[in-house]
Structures are given as structure tokens and as C-alpha cells.
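# Understanding the architecture of this molecule
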Amino acid sequence: MAPKPKEKPKAAPSPSQPPPSIEDLFTSLNRHIERSEFTQAVKVANQVLSVAPGDEDAIRCKVVAMIKGDKIEEALTTIQSAQKAYCLYRQNKLDEALDFLEKQDKTLSSMLLESQILYRLGKMDACVDIYRNLQRARIDSLEINLVAGLVSAGRASEVQGVLDTFKVKATSSFELAYNTACSLIEGDKHKDAEQLLLTARRIGQETLTEENLADDDIEIELAPIAVQLTYVQQLLGHTQDAIGAYADVVNRNLADEPSLAVAVNNLIAVKGPKDISDGLRKLDRLKEKDSQKFQLANAIDLKLSSKQKETIYANRVLLLLHANKLDQARELVSVLPELFPGSVMPVLLQAAVLVRENKAGKAEEMLGQFAEKFPEKSKIILLARAQVAAAAGHPQIAAESLAKVPDIQHMPATVATLVALKERAGDINGAAAVLDSAIKWWKTAMTDYEHLSVIMQEAASFKLRHGKEEDAAHLYEELVKSHGSIEALVGLITTVAHVNVDKAEAYEKKLKPLPGLKGVDVDALERTSGAKHVEGAPHGGLAEAQEDSKSKEKPKKKRKRKPRYPKGFDPANPGPPPDPERWLPKRERSSYKPKRRDKRAAQVRGSQGAVVRDKNEASASATSSNSSNLKSNPATSSKGGSQNTETSRPQSKSSRKKSRN
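Residues numbered from 1 in each chain as written. Predicted model: local features only at pLDDT ≥ 70, side-chain atom pairs only at ≥ 80, totals over all residues. Heavy atoms only, no water.

## A word on the pattern of salt bridges
This structure, assessed with the given rule, holds 20 salt bridges. The network of salt bridges with common partners includes D125, R132, R155 and E158. (Salt bridge = Lys/Arg side-chain N within 4 Å of Asp/Glu carboxyl O.)

## Looking at the packing of aromatic side chains
Evaluation of the coordinates by the stated rule reveals four aromatic pairs. Ring geometry for Y313 versus F340: centroids 5.8 Å apart, planes at 70 degrees, classification edge-to-face. With Y313 in helix α19 (residues 306-322) and F340 in the loop between α20 (326-339) and α21 (345-356), the pair connects residues that are 27 residues apart, well separated along the chain. Exposure remark for Y313: the relative accessible area of 5% places this residue in the buried category. Taking the centre distance of 4.9 Å and the plane angle of 80 degrees together, the rings of W441 and W442 count as edge-to-face. The class of W441 is partly exposed, set by a relative accessible area of 38%. Judged by its relative accessible area of 6%, W442 falls in the buried class. Pairwise contacts between aromatic rings join F294, Y313 and F340 into one cluster. Above the plane of the ring of F374 lies K377, whose end atom (NZ or CZ) is 5.5 Å from the centre. (Phe/Tyr/Trp six-rings, centres within 6.5 Å; stacked < 30°, edge-to-face > 60°. Helix = DSSP H or I, 4+ residues; strand = E, 2+ residues; numbered from the N terminus. Buried < 20%, exposed > 50% of the residue type's maximum accessible area, 1.4 Å probe, protein only. Lys NZ or Arg CZ within 6 Å of the ring centre and 35° of its normal.)

## Digging into a negative patch on the surface
Residues E175, E210, E211, D215, D216, D217 and E221 make up a contiguous surface patch of negative charge. With four residues, the single largest contributor to the negative patch is helix α13 (residues 215-221). By the element assignment, E221 lies in helix α13. Taking the relative accessible area as the measure of exposure, E221 reaches 43% and is therefore partly exposed. (Patch = residues over 30% accessible without salt bridge, like charges linked within 9 Å, V, L, I, M, F, W, Y side chains within 5 Å. Areas by Shrake-Rupley, 256 points an atom, 1.4 Å probe, with all protein chains shown as cover. Lys, Arg positive; Asp, Glu negative; His and termini not counted. Charge placed at Lys NZ, Arg CZ, Asp CG, Glu CD.)

Everything listed is a geometric property; what it means functionally is a separate question.
In C-alpha cells:
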């Protein structure tokens, strides 16, 4: 056996070998960052810091590599500058990031980050103010963010002024065209928004194709434009086209997370409660995979606005209520006040759950307490309380809630609702007081005489209906003097006739005579058919009129129609007549012959060589067999009865097809 070769001794590293230079380390660091090798980049940055502690470029490269590698906690412990605020921003700790930035010096990068944080917090006016202050800094794409902030702040009317200030066109980039189209949607210019969105999609396809992006990547990048274009189609009334486009975005799954979430929510909103289980399944795609409860995924939660997230949660609760899953709805509603602390939507959803549980009284109490605690947010709460109370048969509470909304008290719809509620509750004087108050307000306002005349007309009709003829006559008389309304004059005559006939006749003379009524004989008209017979009245004129009418009437000719024969029937050769008994059952026809019984059934069956019995023995055995059959019949019939009951039993719930959740 050949001896093993000896291993060569490994060369030990020379202790006097010099470390790599800083230039070589930065070259290696740049190479790792370009290759997206962030872990190796952090190691090389540590080598640079070991040679040159406190080097700002090395610290920045290390922090950026950690952030890109999603090592946010390590990045926080490494830096003590404005990049800490960015890490807090990435962790969605927006309030902490904003507090940290307020303690730092104002720089260009810190102001841009602060504007992004304010945008995420929903403080749009403060965000727009920062962008306004940065206009002189000549930052690329600043107009895109400024337009987005104006639209989110509800100041879409200022967008065109911003474009004129920056001296740019809306079609200079597909991002700016998209944001400008959103401002047109806010201004209800849906056709213009649709055209601008189509232009934005075309510009985006051309721009991204020049950047050599794949087709799927281009579609994902332009998904927000596709979803917004579908939303415009929905607003224009093209519902079926919108449903198809939303479903295409959802099924193809070629969209970023926020666009997919918006498409799912809008699809559910358009379809309504038609397919509840499918809507719940689609919403489940938006939640965290490891979470048992419904909670939006982190990527969606970070990029959607608070209003968009609130809408998704609200639609989830409504679907659960339609599906009668009250436990899940109650559980989800309980966490909404923490997610959206400054919103009234959680309170409204809690009231909806209580109403669905037949606890309308508790819902009314909860809404009333919230309205008293937050009077600045009480308008929509009081309207919801009025609706719940009216539906539950509590008209007095509904009227009380409506009366607490001062800025709509004089509107005709509110007045009509209050009068109807008080009238249903039996408060006739309260209903009349509502009408009088509305009339007084419109007289003082002196803005819309049409509303005043409508309310006065209804008030007069209401008071006449409830026995207040004098008040009704006063209102009608005022309407006649101020507006000259014919309807009011008719109502005045009808009303005054109950009190003062002479005055009613005086007003009656003001009515214009109807054309064509001068030659009508009223006495002859009363004697026509339908009027009461007056004794002693002459009948000659009536008889002559009837004779004239009979002579003028022409006999109606009956229209002769050709008979329709069956296909292939020749009326000249009809053939034999049909059987007159063809409609009778066969057994009732004269030609019916019953089937013969099989005589072979009476023959004796048995083995070969069987002995034929005598007649006496046969009769005796037949008697005994019949008696045995009679004794065994109850058992047989009971068995048959049990079988019949099993076959006729309806299917159990477990055998029915269950709906998918």
C-alpha cells in the first residue's frame, strides 16, 4: 500500500501585510451596492469605519444598505441624524419621526421628508405649505407632489394655478397627468378626466418602454391609472364596463398592492350585496396572511390613505352584516375606534350592528351620547339617529334629532320630514310651529321665493286638513296677494266657503272663465245621465238629444278573419272526423278493452312429483295461510311505513350545498 503523501504546511498570514486602502474599500463598497449585495456592503462599510471612524460617506452607505436590506432596527442604532427620521417613517412611526425632525435643523431633505410624513398623517394643508416654500429650490418633480397634496386637501381648484406657476403642462409626464386628472374628478369633470387619463396611460407606456421595462412591469407601474380610469367609467354610469375592468385587474393580479386594494373595494361597492361570499373572499386577499382577524397587510396599510383604509374596513363590516355574521362584524367594529380615532364611521358602524341585532333603542342612546360629547361632529350622527328612530317607530325621537341640526331646519325636505314625524307622533301644534318657523325664515332671507310659496302652500293645506280654516285662509290670501297663484286662489275660495260664503263668491269672480263654457246649459247638464232626477223637469230636450246621438252612432262592423288551419290541412278534403272521445281517459272510452289476467298464475308450482291435494284439504290450507298472512300483515305494514317515512323525509341541512365563505 502506497504511503500517503504528506500535506504541505499552509502558509501563515504575514503579520506585516498592510490593510486595504480606503479607496479600494470604497470601490468595493460601490460595487456591492450596485449589485444590491447589501449585506456585503454593510461589512465593507464597517471596514471603512474601522480605518476612518466617523466618515460620513461610509455611515450613509451603511445606513442605506441596512434600510435596503430591511434591517431597520440596526439602522436606527447606527445613525443619529435625519436618516433616523426616515427609518421611523419607514416603520410607520409617523408621530415620532415628525417630533425628531422638529428638533433638527431645517434642510432641503428634512423638509421633503416632513412633507411626506404630513401627507401620510392626513395633514394636507401643512404638507402643501411646505411644498409652497420649496418652489424656489428647483426640485425635480416638485409640482407632481404639490398637485397630489392639493387634490388630497380638497383644493383641486388651485391645481391649474400651480401648473401655470411652474410653467408646465399636465401632459409633461404621466404622473402629473394622472394627478391632474384626479383634480378634474374632484371638480366633476369626468369626461375631461377620462381623456387625460387615457393620455397619461399612453405617455406612461412610451416612457417605460424606452426604459426597457418588461410588459408585466409596465402594467404594474400603470395599474393606478387603469384603476382610476375604471372609476371614471363607474362615475359616468358605465357600470357593467367598470365591473369587468375591476374584475380584470383583480384576477390578473398585475397591480401594486394599493391599486389592487382599491380595485377590490370598488368592485365590491359596485356589485353591492349580490355576491357576498365572493366579496369577503376578495377582501381576505388584502389582509395579513398570518393574522386570524381581518387586518390589512403591511404594504397596503403603509401606502393607502386613512380615508381609503376606513372605506375598506367599512365595506367589510357591511358585507358581514349582509351575510348575517354578526359575531365577526361586532368583533371588527370594536377595533375600529383605535384604528380611526378621529372619525365618526366606527360609531355609525356600531349603530348599524346594534340595529341588525334588534337593539334600536341602544343604538339611539349611543348616537345621542356621541352627539352631545362631540358637537362639532354631531350633524351626521344626529341624521343617523333620526333615521334609526324613524325606522324603529319612534317619531318623537326622530323629530328631536332632526331639530338639533340647525343649518337644515329651513330646507323644504327637512320641513316636510319634521311635519310628517310630528304628525305621526300626534303633535299637531308642533308640526304647525315647524311650518310657521320655516315661513318666517324664508320671508326674512328674501332669497328664494319659490321655496317660500311651496312651504306656504303646504302649510295652508296642512292647517285646512286639521280644522284651522282661518289660519289656512290667511295663508292662501297672502299667497294670492304676493304671488298671484291660481292654485292659492282656488284653495282660498274652498277654505273661505266654510266660513264666509259671500267672501268666497267675491273671490270666485276673480277666477278667469274657462274657454268654451259660455254656451253650456247648466240645467240641461244636470239632467243628463248620472245626475239626480228632478221631479217636474221637462224631458223633451233630453229625449231629442238621445235620438240625435243614436242616429249619429254608426253600427260597428265586425272584422272577418280567415280561419287558421293546421299545417298540411286541406279544408277541401278534411278526411275522417276526429275521435269525439279523444279527450276522455282510455279506461272510459267505449273502445277500451281491459287486459286479460294470466291464468297460468293459478297453476301449482313445485318440485317434480308433487301430489295434488283434494279440494277440502286445499280449502283448509288456504284458510290457514290467509289467517297467518293476516297476523303477519301488521309487522309488514309497519315496516313498509317506516321505509316510506325515511324516503319522504326532507334533506337535512348537512346534505344541502353550503355557501362558500
